[in-house]
Amino acid sequence: RTKGIRTAYVSLIGCLEKGEVVSGPVTDSRSVPPQVLTVPVEDPHETTASGLIVPDGQGNPVLHIHGALGRNGETVAGCLRLGLQGWRDSSVDSVS
């Protein structure tokens, strides 16, 4: 908001750690809101992700980003939204 960005495409390449990835609903139920399945991410994971910044109902910019994180032959994919932190030289680019 302080940069005046209302909408943008965002891409991320690098490593993320210390947070959670939403990797789908707990069941196939169509309940609203869905009960989400989260996967913890503690150690640094190689990451590629893309998403959008769009205004919410009050006009505030909100990031919605999905990606894949890998470490030691294991991969998790989903919505990156619960406290993940960049590790060293992660790069985020956006185009407004």
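On a predicted model such as this, the values are computed, not experimentally measured, just so you know.

K.L.:
How should I be thinking about the overall build of the protein in this particular structure?
P.N.:
On a plain count of helices and strands, the protein comes out with zero helices and eight strands. Along the protein, from the amino end to the carboxyl end, the secondary structure elements read β-β-β-β-β-β-β-β. Looking at the 96 residues of the protein, the share that counts as buried comes to 25%. For the protein, contacts bridging at least 24 residues in sequence account for 64% of all contacts bridging at least 6.

K.L.:
Can you help me understand a nonpolar patch on the surface in this one?
P.N.:
Together, Tyr9, Leu52 and Val54 line one region of the surface with nonpolar side chains, adding up to about 260 Å² of accessible area. Among the secondary structure elements, Val54 is positioned in strand β4 (residues 45-55).

K.L.:
Any chance you could explain the nonpolar core here in plain terms?
P.N.:
Soluble globular proteins: nonpolar side chains tend toward being buried together. If you look at the biggest cluster of nonpolar residues, it comprises twelve residues: Ala8, Val10, Leu12, Leu16, Val21, Val41, Ala49, Ile53, Ile65, Leu69, Val76 and Leu80. At the level of secondary structure, the elements contributing two or more residues to this core comprise β1 (8-17), β4, β5 (61-71) and β6 (74-82). If you tally residues by element for this core, the top one is β1, at four residues. When neighbours within four sequence positions are excluded, Val76 is seen to be in contact with Val21, Ser23, Val39, Gly67, Ala68 and Leu69.

K.L.:
Explain the pairing of β5 here, please?
P.N.:
Within a regular strand, the side chains alternate between the two sheet faces. Bridge count between β4 and β5: ten bridges; the pairing is antiparallel. Residue pairing in the sheet places Thr48 in a bridge with Ala68 of β5. A loop of five residues connects β4 with β5, the two strands running antiparallel in sequence, and Gly59 in this loop sits at a positive phi of about 85 degrees.

Parameters at a glance
Residues numbered from 1 in each chain as written. Predicted model: local features only at pLDDT ≥ 70, side-chain atom pairs only at ≥ 80, totals over all residues. Heavy atoms only, no water. Helix = DSSP H or I, 4+ residues; strand = E, 2+ residues; numbered from the N terminus. Buried < 20%, exposed > 50% of the residue type's maximum accessible area, 1.4 Å probe, protein only. Contact = heavy atoms within 4.5 Å. Patch = residues over 30% accessible without salt bridge, like charges linked within 9 Å, V, L, I, M, F, W, Y side chains within 5 Å. Areas by Shrake-Rupley, 256 points an atom, 1.4 Å probe, with all protein chains shown as cover. Salt bridge = Lys/Arg side-chain N within 4 Å of Asp/Glu carboxyl O. Core = buried A, V, L, I, M, F, W, Y, C linked by side-chain atoms within 4.5 Å. Pairing = 2+ DSSP bridges.

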